[in-house]
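# Close look at the chain arrangement
Single-letter residue listing:
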Amino acid sequence: MVAFLAAPVYGCGLVLVVDRKQASEPLASATPVALRKPEPSDAPLPRPRRETAAAQDVTVTDPVMVKRAVKAAALGNAMEWFDFGVYSYIAVTLGKVFFPSGNPTAQLLSTFGAFAAAFLIRPLGGMVFGPLGDRVGRQKVLALTMIMMAAGTFAIGLIPSYASIGVWAPVLLLAARLVQGFSTGGEYAGASTFIAEYAPDKKRGFLGSWLEFGTLAGYIGGAGLVTLMTALLSTDDLLSWGWRIPFLIAGPMGLIGLYLRMKLEETPAFAAELEKAHKDEQTRAKVRLRDMVTGQWKALLLCMGLVLVFNVTDYMLLSYMPSYLTSELKYDETHGLLVILAVMALMMCAQPFMGALTDRVGRRPVIAAGCAGFFLLSIPALLLIREGSLWAIALGLGALGMLLVCFTASMPSALPALFPTKVRYGSLSIGFNISVSVFGGTTPLIVTALIGATGDKMMPAYYMMAAAVIGGIAVWYMTESARRPLPGSPPAVETEAEAMALRGTR
């Protein structure tokens, strides 16, 4: 689970260098409040390195601080997806614990309904946390979302079963899922914004790819734990107490993530934007929620299209396929889980290399290749999976996994580049969460319902193909962002020599 925290991240850094005495005071100088009149004994604060290197406004990054930022952002994403992995892989058991006995399909639908409900509230979380992150700072909001995610997941592990408290069991499960959904409304957009605003321009794709590396690590941790428990525990033990263990682990995980995030300093792009707001308070006052929507509607549509193909394919492979193998194809549960875990491990290995590739060839070609691949190969891959043998399932899922890497490695750097700094967190949160809620998180529920209504077990392939078409249209209209500054931010480089060379060409 934590192996990715130790993975080396080279050539990265922080644009803003502050006095180390101030490092334990997160955002003390980055919150838009009235400035205190300095006392005679106050030592002068150091000036941002952005200004010392930037008579022509070029930023020079600090490798140690960016490495720390990547770790903290990736761990939060890992925790979010640890919960998704646990919930998806233990969905059949949760249906028996929290819902009345009877039709197994109805229990599974009810479980996925609670899963989907958390996504329906995500846009509300995005509308709260996104604008808040653009006003008070990314670091504070990310610390808050970490606390809420951990609390919601931990609470699920404490809920009594339906046999104990009746209808209150699914009600409490839904309440905990809504807390999780509300908090995750500010998580992915904030984490990707955080990394993007720290990274030097030429390595933003590589550094952003570690965010999804954390996603896969968390998912493998959650799914692997469920797989181990399924193999070691009897059905009765799993139903009575074993299912609680993965959810209760979220408590200490959340404390670790909170500690790492509280040690971070504010992103240099936000600090620079805040400095402008201090000079002209009207600038900050004009940025309202409607400006993040109506003022960015073209970028929002592109964001929603890209997120649609990214999340439909993501949730189809990582969240729905375990239950598809078990409930629809009657495949052995343990073997199916192990195959998908192996596919995710393969994706983790490819993730940073694909991220680096997006820095060399661009985000658009890589995302376009993923869309084309899903359109052309979804049916052949699902036919292989339905064939039923271990090698065929592994080959079909492996093909889908490698196509998914085209999105997981590109999106953390491509999506923040759609929006300017002053509305980046808010606009990205709104666009991302609306698309995830309507299309991504509902994927397991919709596909299960479509199969039940039509009897056609090829529905997952058709659904992914439709998503690929929409994603391809979005790629056609998006602007390439690789090796370029973020909108509203100065160029970011790794060394003073690069800064001097860049200033010399301007």
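Residues numbered from 1 in each chain as written. Predicted model: local features only at pLDDT ≥ 70, side-chain atom pairs only at ≥ 80, totals over all residues. Heavy atoms only, no water.

Naming follows an unreviewed UniProt entry, where the protein appears as Glycine betaine/L-proline transporter ProP of Streptomyces atriruber. Under Subcellular location (unreviewed entry), UniProt gives the following word-for-word description of the protein: "Cell membrane". (UniProt positions renumbered as here; feature names shortened; annotations may be inferred.)

Once that is clear, we can look at the overall build of the protein. The helix and strand inventory of the protein stands at 25 helices and two strands. Within the span of the protein, comprising 506 residues, buried residues form 58% of the whole. If you take every contact in the protein between residues at least 6 apart in sequence, the share linking residues at least 24 apart comes to 87%. Accessible surface computed for the protein: about 19,500 Å², of which carbon and sulfur atoms make up 68%. (Helix = DSSP H or I, 4+ residues; strand = E, 2+ residues; numbered from the N terminus. Buried < 20%, exposed > 50% of the residue type's maximum accessible area, 1.4 Å probe, protein only. Contact = heavy atoms within 4.5 Å. Areas by Shrake-Rupley, 256 points an atom, 1.4 Å probe, with all protein chains shown as cover.)

In this section: the nonpolar core. Judged by nonpolar contacts, the single largest core of 124 residues is most densely connected at Phe-98, Leu-306, Met-344, Ile-367, Leu-397, Phe-407 and Leu-415. Counting residues per element, this core draws most heavily on helix α17 (residues 297-328), which supplies 18 residues. Look past the residues within four positions of Met-344 in its chain and what remains in contact with it is Tyr-89, Leu-216, Tyr-219, Ile-220, Ala-223 and Leu-318. (Core = buried A, V, L, I, M, F, W, Y, C linked by side-chain atoms within 4.5 Å.)

Using the criterion set out here, one finds nine salt bridges in the structure. Where Arg-177 meets Asp-83, a salt bridge forms, and the shortest distance between an N and an O atom there is 3.0 Å. Note that Arg-177 is positioned in helix α8 (residues 168-184) and Asp-83 in helix α2 (residues 63-89), a separation of 94 residues in sequence. The residues Arg-177 and Asp-83 share a single accessibility class, namely buried. In this structure, the salt-bridge partner of Glu-197 is Arg-424, at a minimum N-O distance of 2.8 Å. One end of the pair, Glu-197, is in helix α9 (residues 187-198); the other, Arg-424, is in helix α22 (residues 424-440), with 227 residues separating them in the sequence. (Salt bridge = Lys/Arg side-chain N within 4 Å of Asp/Glu carboxyl O.)

Let us look at the packing of helix α5 (residues 122-136) against α8. A pair of packed helices is characterised by two quantities: the angle between their axes and the separation of those axes. Between α5 and α8, whose axes approach to 6 Å, the crossing angle comes to 45°. Taken together, the axes of α5 and α8 are oblique relative to one another. Viewed along their axes, α5 and α8 form a crossing whose handedness is right-handed. On the side of α5, the interface is formed by Arg-122, Leu-124, Gly-125, Val-128 and Phe-129, while α8 contributes Gly-181, Phe-182, Ser-183 and Thr-184. (Axes fitted to C-alpha atoms, helices over the stretch in contact; angles between N-to-C directions. Parallel < 35°, antiparallel > 145°, perpendicular 65-115°, else oblique. Left-handed = near helix turned anticlockwise from the far one by under 90°.)

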